[in-house]
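Chains, contacts and geometry: an overview
Residues per chain are reported as follows:
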Amino acid sequence: MGDLIDKIARPDIAALTPYSARGGAAEGAVLLDANENPWAPPGAKGAWNRYPEQQPAPLVSRIADLYGVAKDQLLLTRGADEAIDLLFRATCRAGKDNAVISPPTFGLYGVAAKVQGAGLTPVPLDDNYAIVPDDIIAEAQSKATKLVFLCSPNNPTGNLMARQDVVRIARECAAQLVVVDEAYIEFAEADSLTGELAELQNLVVLKTLSKAYGLAGARLGTMIANAPVINLLRKVLPPYPLPSPVITEVLSALAPVNMAIFNERIARIKAERERLYTALLGSEDVQKIWPSAANFLLVQLNLKSDIQTRLKASAIHVRDFSALGEGKVRISVGTPEHNNALLAVFGAGENKPANLRRAAISRQTKETQISALVDLDADEPVNIQTGIGFFDHMLEQIARHGGFSLILTARGDLHIDEHHTVEDCAIVLGQALRQALGDRAGIGRYGFVLPMDEAQARIAVDLSGRPALRFAADIPDEGVGGFGGQMVPHVFETMAQHLGAAIHIEAEGQNTHHVIEAIFKGFGRALRPALARGEGTAIPSSKGVL
Ligand SMILES: *Cc1c(COP(=O)(O)O)cnc(C)c1O
């Protein structure tokens, strides 16, 4: 391994003593060593007066978990873009060393090479946009090549590179770093190459939170490699690459309770990609589309069509790739709403106004972390994990009988009791429904109903915007399955507040489980017509607002 570092490192970088910043400091230590201001500015949401850690430990742990690698196998950078730059700085001597790239591919490899004064050896993709391993290996071995870049899935062509080709290149180019850029891997049906790190000492995998995790504005990328490679790259890493607000916000966005929502959105983007692919193929403006494993499509437009003008007139931006041939564009997959707008311009697909009634809420306190995604116009998926089996079952009743899709994940202080978790889930569900309802235009507003075996629940709902609860049911305090009886009215009280609804509940029966279930089911049933949109778009109130 020392061998590898000797071969790839710029000698002056290998010999460099990196800039020394403050190491870790104990809680409560008096920090007079970095010429910082002792006061954070008014309104700061953290100790912004202090220099951040170069590699903040909590974020390193979270990202190691996310990508399933060890903490010493990664380097957090200001976007994957910075990782590309660092790779050139650490390995390539200006005017002497080279990188191999396979165009058409991500343009930044070439720019970063030029900034460093490194040479570029292009080994073009073949006619199917696949890499050509024999040529890449031959070129890498014939010159002073330090880096081989493979982008998989490739930007802008969208295809995944064959794993056995990548592995073969890494094996045979043992004196080079083989860098696999996986910026889009979450959208592909393929495992990350990180699984090969134990075998391949010269493998580097790049990841980003910009694409699958919607954090392009936060600038957070990750370089993954074996520890000796990471240690070399650390020498050229700036002392404070990640701003404190970014560290805090990214940790909050990546809270484990949010993962179900990320996964749903990734699945949605993949489904929309396939929908766009099929619909665009049917458009007269399109000549060819390449299948994609990423969140975009490379499209060959029909050269006779005026589609580019029409897109501009509709203020829809797609990326011009005429450098690859006249009429080629790269189209990113948007929300169903964006995609419908695009398809309308292409004269493809139904042009229904997609006024989406979806909402995502993430709420994090010291007691609970909860996230929910609601889609009022879909009935799947319903996926609920609160840590309280009975409550999961009850919330599922609301969604199933209410006829809406709900993903809700909670991690609460159940070691104390169920109270905080149950209450906060009701807050989050109420808020998510309220937000998804938007201005409540076109909704039924009222709902009624429900018998269940020997039990009966009569429930009326008015999505009036004004909270009120009338609750008349005798439920014994011991409740069911770790779910206390008093929690039932408490859930609906909280829901009424946060949803903005009048909820009237009456119920009775012999069996407590039945009575509670009848209430939750009945609430869902009552919500269904209240949430449903009819043909009209009027706000169902003589006041004109709800
Ligand atoms: C978008 C993109 C990146 C950049 O990622 P950041 O983390 O936003 O810098 C890297 N590689 C490829 C192939 C990309 O398309």
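Values in this document were obtained by computation on a predicted structure and should not be read as measured data. (Residues numbered from 1 in each chain as written. Predicted model: local features only at pLDDT ≥ 70, side-chain atom pairs only at ≥ 80, totals over all residues. Heavy atoms only, no water.)

Focus: the packing of aromatic side chains
- Inspection of every chain in the model, using the stated rule, returns twelve aromatic pairs.
- Between the aromatic rings of phenylalanine 106 and tyrosine 109, the centroid separation amounts to 5.5 Å while the plane-to-plane angle is 80°, which identifies the pairing as edge-to-face.
- With 5.0 Å between their ring centres and 80° between their planes, tyrosine 184 and phenylalanine 296 make a pair best called edge-to-face. Of this pair, tyrosine 184 sits in the loop between β5 (177–181) and β6 (203–208) while phenylalanine 296 sits in strand β9 (residues 296–301), and the two are 112 residues apart along the sequence. The same class applies to tyrosine 184 as to phenylalanine 296, namely buried.
- Within the aromatic cluster, the residues linked to one another by ring pairs are Phe390, Phe391, Phe483, Phe492, Phe520 and Phe523. (Phe/Tyr/Trp six-rings, centres within 6.5 Å; stacked < 30°, edge-to-face > 60°. Helix = DSSP H or I, 4+ residues; strand = E, 2+ residues; numbered from the N terminus. Buried < 20%, exposed > 50% of the residue type's maximum accessible area, 1.4 Å probe, protein only.)

Some words on the sheet that holds strand β7 (residues 221–225)
- Ordered by their spatial adjacency, seven strands build an open sheet running β1-β7-β6-β5-β4-β2-β3, and the pairing between neighbours is mixed. In the strand order of this sheet, the two ends are held by β1 (74–77) and β3 (119–122), each with one partner. Neighbour-to-neighbour, the strand axes of this sheet turn through a mean angle of 20°, independent of strand direction.
- As paired strands, strand β4 (residues 145–151) and β5 are joined by five bridges and run parallel to one another. By the bridge assignment for β5, leucine 150 is matched with valine 180.
- Against the sheet, helix α3 (residues 57–67) contacts β1, β6 and β7, and its axis sits at roughly 115° relative to β1.
- Its contacts with the sheet place helix α4 (residues 79–91) against β1, β2 (98–101), β4, β5, β6 and β7, and it is angled at close to 160° to β4. (Pairing = 2+ DSSP bridges. Axes fitted to C-alpha atoms, helices over the stretch in contact; angles between N-to-C directions. Contact = heavy atoms within 4.5 Å.)

Comments concerning the packing of α3 against helix α9 (residues 244–253)
- Contact geometry of α3 with α9 gives a least axis separation of 10 Å together with a crossing angle of 35°. Once α3 is placed against α9, the crossing between them reads as left-handed. Within the contact between the two elements, α3 uses Pro58, Leu59 and Arg62 and α9 uses Ile247, Val250 and Leu251.
- Its residues placed into classes, the contact of α3 with α9 shows five nonpolar, no polar and one charged. (Left-handed = near helix turned anticlockwise from the far one by under 90°. Nonpolar A, V, L, I, M, F, W, Y, C, P; charged D, E, K, R; others polar.)

As for unusual backbone geometry
- Cis rather than trans, the peptide bond between proline 103 and proline 104 has omega equal to 0°.
- If you trace the backbone, proline 104 turns up in the loop between β2 and α5 (108–116).
- Although it is not a glycine, asparagine 35 sits at a positive phi angle of roughly 55°.
- Residue placement: asparagine 35 occurs in the loop between α2 (11–14) and α3.
- Judged by its relative accessible area of 79%, asparagine 35 falls in the exposed class.
- Positioned with a positive phi, alanine 315 is a non-glycine residue whose angle comes to about 55°.
- Relative to the elements of secondary structure, alanine 315 occurs in the loop between α11 (307–313) and β10 (319–320).

Some words on the pairing of β9
- The buried fraction of β9 amounts to six of the six residues, a majority that puts the element mostly inside the structure.
- Side chains of β9 alternate between two faces, with Phe296, Leu298 and Gln300 and Leu297, Val299 and Leu301 buried alike.
- Here three bridges tie strand β8 (residues 286–289) to β9, and the two strands are oriented antiparallel to one another. Pairing of lysine 288 across the sheet is with glutamine 300, part of β9.
- Hairpin geometry of β8 and β9 is characterised by an intervening segment of six residues between the two adjacent antiparallel strands.
- In terms of strand pairing, β9 meets strand β11 (residues 328–332) through five bridges, oriented antiparallel. The residue of β11 that forms the bridge with leucine 298 is arginine 330.

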